[in-house]
Structure formats: structure tokens, C-alpha cells
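Tertiary structure, described
As a plain string of letters, each chain reads:
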Amino acid sequence: MSTAKVLSPADAARADLAGFKARHPAVFRPSPLRRAVTTGTIVLLAALLALAFWRLDVSLARIWAGLGQLGTFLTFMLPPSPGSWSRALVYLHALAETVAIAFLGTLLAAILSFPLGFLAARNATVNRVVQLATRRFSDAIRGVDQLIWALIWVSVVGLGPFAGVLAVMTSDIGNFTKLFSEAVEATDRKAEEGVMSTGGGRLHRIRFGLLPQVFPVIAGQVLYFFESNTRSATIIGIVGAGGIGLHLSEQIRTLEWQAVSFIIILILVAVAVIDFISTRLRLAIIGRSTVQV
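Sequence positions are assigned chain by chain, starting from 1 and proceeding in written order. A pLDDT threshold of at least 70 governs which residues receive local features in this predicted model, and a stricter bar of 80 or more applies before side-chain atom pairs are shown or counted, although totals over entire chains, interfaces and linings include all residues. Side-chain measures were taken over the full set of non-hydrogen atoms in the model, leaving aside hydrogen atoms and water.

Comment: elements are numbered from the N terminus, with helices defined as DSSP H or I runs of at least four residues and strands as E runs of at least two. What the chain contains, in helices and strands, is twelve helices and zero strands. The order of helices and strands in the chain, counted from the N terminus, is α-α-α-α-α-α-α-α-α-α-α-α. Buried, partly exposed and exposed residues are distinguished by accessible area as a fraction of the type maximum, computed with a 1.4 Å probe on protein chains only: under 20%, between the cut-offs, and over 50%, respectively. The burial tally for the chain puts 34% of its 293 residues in the buried class. The Shrake-Rupley method, run with a 1.4 Å probe sphere, supplies the accessible areas, and residue values consider only the shown protein chains as cover. Element-wise, carbon and sulfur atoms account for 70% of the exposed surface of the chain, whose accessible area totals about 18,200 Å².

Given below as C-alpha cells:
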């Protein structure tokens, strides 16, 4: 009867390490060329970081000196006050307009991007040419910032919330098309194969094999962008695209800091409420009724 030697945990760990080194020598003993490339990359990145700090005039001393000025601004902003009840109602109406801009823009973008996301996905598109053309289209749309789209649409349709809705919608079409296509491409192919094995066609494969898998992901992305666009709609309002951003810009220019803090608090409360509601909706969609929030 043979007896096997029992290794201690430390000896077993050393044996495992020796085995890893033997199987992957390039990882544990990199070549001089690889070490030189790694060192050169780190040095290059550090040099670029130092150059960026120098060219952009980033100064920690200036930041430290400005903290006192920041504290002065904070004292000016307390206590938050709209000035009068009539102005408070104006701000609330503008906030509701901002939320409406974000909601309509996000919803329209999601509706238009839904089929584009399938066309841009490798496993659901019509052909390779359509897939590449759709992806390049979404890249071009996504490459222009939402604020630039707001300036463009203000010039096209004039001032007001309609331009804001179009700006949010246009910007999100590029983002949603990319995100939706990636969600479709990440699906498990077993469900599609099951549909096809029962005689289902291409549309059946998408409807019963792909859509049930990607719909919760897509819904979560749309809800998140709605929350994000509520903040973004505040910024585009500064350029005349409607909403509370215009009032915020005016109060900052006139140094009405108490009104500024009141508007900021309104925006924070609106974003928090939207985040709470969207979280509940997302969890309801994916089928989890109880969760720690």
C-alpha cells in the first residue's frame, strides 16, 4: 500500500506557481524587448500628462487659491431663495419644461434607434453593407456633442423647447444605435437556434430569440439616458433651447446667487425623483420585485 506525500498549503502554492511559470514563461519572464516597450509606454504617457498640465496651465496653486473664492460664493448662495412666489412658479414651470424636453427627446430617440440597433448588429442585420453604413451613421451623429446639436436646431427651428427636444433626440440616436446593437450582439445564440430548429423564419428568430433577451437591457439604457438627459437639457437651455437652463444662466450673470442655489436644488430634486422612479421601472421590467435601493 503506497502512501502519497501530503503537501502543506505553502508548498502547494509554490508548486502551483512553478507550474504557472513553466506554462507561461512570457508572462513571468518577459523578453528585454517587451520590457523596453512597457517602460517606454509608461514614460511616454507620463510625458504626455506633464505636457498637458503645462500647455493647459493646470496649476494646483491656483486651485488652492480659488478655494477661498469658492467658499465666498457658497456663503452668497445661502439661504436658497427664489426671491418671490411668482418667480418660484416660473422656475417650477421651466423645470417641468426641462423634464418634458428630456422625456420626449429620449423617447423619440429610442423609437427611431430601435430598428437601427438591429441593423447595426452583426447577428441581426440585413447584410454587411447595411451594418457598416448604420454604424458609420451612428458614429457621425454621436461625434457631435448635444450642445452643438442644440445650437444647430435653434438656428433651424428657432428658440424654444422644440429645438431642445430635437437636440436631445438627435444626440441620443447615435448613442442608442451603438448601445442597442452591442446588446443584440451579446445575446445567447441558443435561443435563436431553438427558434430556427422549430421552423421559424428570420423575423421569428429576432422576435422570439433576440428581443426577449435584449429588451430589459434596452429598457434600462433608455431609463438611464432619460435621467442623464434631464441634466443635459439644463445645459442646452442656456443656448435658447428651452427649459430652466436659461433662468439659471440669467441668475448667474446677474449675480443672484440665492436664486442660483434654489434652481440647482430644484434640478437635484428632479434628478433624484427620476432616478428613483426609473430604478423601480427597470427592476419591474427585469422581474425583480424586491431589491435594496
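Below, the discussion takes up the nonpolar core. The biggest cluster of nonpolar side chains holds 17 residues, and the ones touching the most others in it are Phe118, Ala124, Phe176, Val184, Leu210 and Val222. Mapped by element, the contributors of at least two residues to this core are α5 (85-119), α8 (161-185) and α10 (202-236). In what follows, a contact means two residues having at least one pair of non-hydrogen atoms within 4.5 Å. Leave out the neighbours within four places in its chain, and Phe176 touches Thr106, Ala109, Ala110, Ser113, Gln221, Val222 and Phe225. One finds Leu248, Ala259, Leu266 and Ile267 within the second-largest nonpolar core, a separate group that totals 16 residues. Residue types Ala, Val, Leu, Ile, Met, Phe, Trp, Tyr and Cys, when buried and joined through side-chain atoms within 4.5 Å, form a set referred to as a nonpolar core.

On to unusual backbone geometry, then. It is generally the case that most residues other than glycine have a negative phi and that most peptide bonds are trans. The residue Leu255 is not glycine, and still its phi comes out positive at about 60°. Topologically, Leu255 is positioned in the loop between α11 (245-253) and α12 (257-286).

Inspection of the secondary structure puts Gln131 in helix α6 (residues 128-142). Dropping the residues within four chain positions of it, Gln131 is found in contact with Leu119, Ala120, Ala121, Arg122, Thr125 and Glu185.

For an α-helix the count is 3.6 residues per turn, leaving residues at separations of three or four pointing the same way. The terminal C-alpha atoms of helix α7 (residues 146-157) lie 16 Å apart, and with twelve residues this matches the ideal 16 Å at 1.5 Å per residue to within 8%. Where α7 terminates, the next one or two residues include Gly158, which has phi positive at roughly 95°. Multiplying 1.5 Å by the residue count of a helix minus one yields the expected span of that helix.

A few words now on the packing of aromatic side chains. Within 6.5 Å between ring centres, the rings of Phe, Tyr and Trp (the latter by its six-membered ring) count as paired, and their orientation is classed by plane angle as stacked under 30 degrees, edge-to-face over 60, tilted in between. Evaluation of the coordinates by the stated rule reveals six aromatic pairs. With a centroid separation of 5.8 Å and 75° between ring planes, the pair formed by Phe103 and Phe226 is classed as edge-to-face. Of this pair, Phe103 sits in helix α5 while Phe226 sits in helix α10, placing them 123 residues apart in sequence. We classify Phe103 as partly exposed; its relative accessible area is 42%. By relative accessible area, Phe226 is classed as buried at 16%. When the centroid spacing of 5.2 Å and the interplanar angle of 70° are considered together, the rings of Phe114 and Phe118 count as edge-to-face. One end of the pair is Phe114 and the other is Phe118, both in helix α5 and four residues apart, which spans about a single turn. For Phe114, a relative accessible area of 31% puts it in the partly exposed group. Classification of Phe118 by relative accessible area gives buried; the value is 9%.

Moving on: the confidence of the model for the chain. In predicted models, pLDDT denotes the confidence assigned by the predictor to each residue on a 0 to 100 scale. The pLDDT averaged across the chain works out to 81; a share of 83% of its residues lies at or above 70. Below a pLDDT of 50 lies the segment residues 289-293, which in the model reaches three contacts outside its immediate sequence neighbourhood of four places, other chains included.

Axis lines are fitted through C-alpha atoms, for helices just across the contact stretch, and the angle between N-to-C directions can take any value from 0 to 180 degrees. Relative orientation of the contacting elements α6 and α8 amounts to 140°, with a least axis distance of 7 Å. In terms of their interaxial angle, α6 and α8 are classed as oblique. Taken as a pair, α6 and α8 cross one another with a handedness that is left-handed. In contact with Gln131, Thr134, Arg135, Phe137, Ser138, Ile141 and Arg142 of α6, α8 contributes Thr170, Ser171, Ile173, Gly174, Asn175, Thr177, Lys178, Ser181 and Glu185. Ten residue types, Ala, Val, Leu, Ile, Met, Phe, Trp, Tyr, Cys and Pro, are classed as nonpolar, four, Asp, Glu, Lys and Arg, as charged, and the remainder, Gly among them, as polar. A breakdown of the residues in the contact of α6 with α8 according to their chemical character gives three nonpolar, nine polar and four charged. When an angle is under 35 degrees it counts as roughly parallel; over 145 it counts as roughly antiparallel; between 65 and 115 it counts as roughly perpendicular; any other value is oblique. If you view the pair so one helix is near and one far, a crossing is left-handed when the near helix is turned anticlockwise from the far one by less than a right angle, and right-handed when it is turned clockwise.

Any Lys or Arg side-chain nitrogen found within 4 Å of a carboxyl oxygen on Asp or Glu counts as a salt bridge. For the structure on display, the rule yields five salt bridges. A salt bridge links Arg135 to Glu185; the shortest N-O distance between them is 2.9 Å. On the criterion of sequence distance, the pair formed by Arg135 in helix α6 and Glu185 in helix α8 is long-range, its members being 50 residues apart. Its salt-bridge partner being Glu227, residue Arg231 comes within 3.4 Å of it at the nearest N-O pair. Placement of the pair is Arg231 and Glu227 together in helix α10, with a separation of four residues, close to one helical turn. Glu227 gets classed as buried once you look at its relative accessible area, which sits at 12%. A network of salt bridges, in which partner residues are shared, links Arg136, Asp139 and Arg142.

All right, on to the side chain of Thr98 then. By the secondary structure assignment, Thr98 is in helix α5. Relative accessible area serves as the criterion here: at 0%, Thr98 is assigned to the buried category. Residues contacting Thr98, with those up to four places away along its chain left out, are Thr230, Ala233, Thr234, Gly243 and Ile244.

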